[in-house]
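Each chain, written out:
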Amino acid sequence: MRPLGNRGATHRLRGLRVRLVVAFALVAAVTVTTTGALTFREARTGVLQQSQDTVIELLRTQVTRLAPELVLPAGRDELRRFAAEVAGAEPTGAWRVLVVYRGQEATSVPDDPFEELTPALREAVDSRSATVFQRVNRADHTALVVGMSVAFTSTVSSRWPLSGLQVFLTVPQTTEQAYVDALVTAVERAAVPALALAVLLALLAARGVLRPVRALRDATRSIAEGRLDTRLAVDGSDELAELSHTFNETAAALEESVAELRGMEARARRFAADVSHELRTPLAAMSAVTDVLDEDAAGLDPDTATAVRLISEETVKLARLVDDLMEISRFDAGAAVLHLDEIDLAESLRRTLAARGWTDTVQVRLPEPDALRGRVDPRRLDVVVANLVGNALRHGARPVRLSLHEGGAGDEGSGAGRRAVIEVLDSGPGIPDDVLPHVFERFYKSDAARSRTEGSGLGLAITEENVRMHGGTVRAANRPEGGAVFTVDLPLWRDEPTRDGPTPDGPTPDEPTPDELTRDELTRDEPTSEERA
């Protein structure tokens, strides 16, 4: 399981605020990078182009001025002097000139190897009369190399014949490179404020977006906690305002539906309680009559005796159903209470089996007398065990086993240092997997086509409620070797709780109060179905 702190940190990193800031920062970074790259390219091209055009124009002017003074054919000394004069056009002395004439070469700087001149540029000058140039990158600098052929002036033809004299010029691009480096530095410096501005705008945008989102989150939590009258303030007409309006409509519809359902549930509970209460008196009379008839059944003819026994059985089932409905009504109305007493749990389980004649039918594995004691409601513990064992005998197969042992310590602060675990096992086919999640539901039938059962359909539901009142749990499962097992986990209270014990939630404002459900009847803890002998 991932630690809670890590989950919270991961949730914050994936929050809307972080995503908005990251999105704005990415957009700003891409924009700054793209703009900077385009600006750098255009500025670099402009700087180099201007430098290149200036150099070529100055070279042409200088060669045009000095070439007529050179007498051809010329020797190496004349060529060297011509190269020096051409290089002198640049006052800083940055120019280096190479002059080539019919295999002879001379440079403006003595013994200059002129390494920047590439064979490709030399070949281009040999093959055309136009001025050509090339930028050459060396390890420590970049240079502009210009080459041109000198032609004779002709008044006869439009094409000027080449004189065979070629001039090559090398100019370092130090100044231009400094301009380019300064431009890169400026772009880098501009990127930081742009990113900071983007983050600031992202935080402002996130604040505006997250405010209604947080309000929606808080309103949703409030509704989840039961405050169905929660509404959002609708400001503006944008998508978030429309979302708030839709939320309010949904909350209003939900509040109306829940109120209607609670009213229907309250009326249904009141009806069940009223019917159960009204049936108690006639059922008591019917039970007295059937008891008398049962005693005289031996003297009746066979058909009449059979009818009397049938009426007696159905009266007992009806009385059991009424008792269970009354018990469920107490749970629903919040009128059920615990009467805790410290008892020997093993002895209580033995009495439950003996009272119903199951001592020889159920196999038991119980601790020694007084080995496991706890504060529980004896009557409700009796109902729990009787319902589970009776259910195993009716729907499972023998042998049925009942066991009791001490479990682990409870949660800190629960008031229960020890726990009692009660298990009821049978040897039947078990419970179908699709039925297991519903075994504790009221009136649930695994076979929808079956219309009659021996029980009322409320025994396991009453069992769950009684266990929950004690602060315990009950669960159903299938054993690998076959058969079903019901496990009850009860806390063994050291001290009596401040109330009469953990009880189900009381009635909501829309539910009937114990007074509305005939308080004098509901608060009388009448025996449920399995308590009847």
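**Section: helix H7 (residues 302-333)**
- The end-to-end C-alpha distance of H7, which contains 32 residues, comes to 46 Å, matching closely the 46 Å that a straight helix rising 1.5 Å per residue would cover.
- Gly334, located one to two residues past H7, shows a positive phi value of around 75°.

**A word on a nonpolar patch on the surface**
- A cluster of nonpolar side chains, contributed by Phe24, Leu197, Leu200, Leu201 and Leu204, occupies part of the molecular surface with about 460 Å² of accessible area.
- If you tally residues by element for the nonpolar patch, the top one is helix H5 (residues 174-224), at four residues.
- Structurally, the position occupied by Leu201 is in helix H5.
- Accessibility expressed as a relative area gives 44% for Leu201, which makes it partly exposed.

**Some remarks on the nonpolar core**
- Core analysis: the largest hydrophobic core is formed by 34 residues, its most contacted members being Leu345, Leu349, Leu381, Leu402, Leu404, Ile422 and Val488.
- Taken together, the elements giving at least two residues each to this core come down to helix H8 (345-355), helix H9 (378-395), strand E9 (400-407), strand E10 (416-425), helix H10 (459-469) and strand E12 (484-493).
- Of the residues forming this core, the biggest block, six residues, is contributed by H9.
- Once you skip the residues sitting within four places of it in the chain, Leu381 turns out to touch Ile343, Leu345, Ser348, Leu349, Val376, Ile422 and Leu490.
- Among the nonpolar cores identified, the runner-up in size contains 27 residues, and Ala67, Val146, Val150 and Leu165 belong to it.

**What about the pattern of salt bridges?**
- Throughout the structure, instances matching the rule amount to 18 salt bridges.
- For Asp382, the salt bridge is made with Arg356, and the minimal N-O distance between the two is 2.8 Å. Taken together, the positions of Asp382 in helix H9 and Arg356 in the loop between H8 and strand E7 (362-365) put the pair 26 residues apart, joining distant regions of the chain. By the burial criterion, Asp382 is buried, and Arg356 matches it.
- If you follow the salt bridges from partner to partner, you end up with Arg96, Asp112 and Glu116 in one network.

**Structural notes on the sheet that holds strand E3 (residues 132-137)**
- As summarised here, the arrangement of the five strands in space is E2-E1-E5-E4-E3, forming an open sheet in which the pairing is antiparallel. Two strands lie at the open edges of the sheet, namely strand E2 (104-107) and E3, each paired on one side alone. Strand-to-strand twist in this sheet, taken as the mean axis angle between neighbours without regard to direction, amounts to 20°.
- Pairing of strand E4 (residues 142-151) with strand E5 (residues 162-172), which is carried by nine bridges, proceeds in the antiparallel orientation. Bridged to Val145 within E5 is Thr170.
- Together, strand E1 (96-101), E2, E3, E4 and E5 form the strand contacts of helix H4 (residues 119-127), whose direction differs from that of E3 by roughly 180°.

**A short note on the packing of aromatic side chains**
- For the coordinates displayed, the defined rule picks out one aromatic pair.
- Ring geometry for Phe440 and Phe486: centres 6.1 Å apart, planes at 85°, overall edge-to-face. Of the two residues, Phe440 sits in the loop between E10 and H10 while Phe486 sits in strand E12, which places them 46 residues apart along the sequence. The same class applies to Phe440 as to Phe486, namely buried.
- The ring of Phe114 carries Arg96 above its face, with NZ or CZ at 5.5 Å from the centroid.
- Note that Arg122 overlies the ring of Phe168, its terminal NZ or CZ placed 5.8 Å from the centroid.

Thresholds applied
Residues numbered from 1 in each chain as written. Predicted model: local features only at pLDDT ≥ 70, side-chain atom pairs only at ≥ 80, totals over all residues. Heavy atoms only, no water. Helix = DSSP H or I, 4+ residues; strand = E, 2+ residues; numbered from the N terminus. Expected span 1.5 Å × (residues − 1). Patch = residues over 30% accessible without salt bridge, like charges linked within 9 Å, V, L, I, M, F, W, Y side chains within 5 Å. Areas by Shrake-Rupley, 256 points an atom, 1.4 Å probe, with all protein chains shown as cover. Salt bridge = Lys/Arg side-chain N within 4 Å of Asp/Glu carboxyl O. Buried < 20%, exposed > 50% of the residue type's maximum accessible area, 1.4 Å probe, protein only. Core = buried A, V, L, I, M, F, W, Y, C linked by side-chain atoms within 4.5 Å. Contact = heavy atoms within 4.5 Å. Pairing = 2+ DSSP bridges. Axes fitted to C-alpha atoms, helices over the stretch in contact; angles between N-to-C directions. Phe/Tyr/Trp six-rings, centres within 6.5 Å; stacked < 30°, edge-to-face > 60°. Lys NZ or Arg CZ within 6 Å of the ring centre and 35° of its normal.

Purely spatial values, then, with no claim about function.
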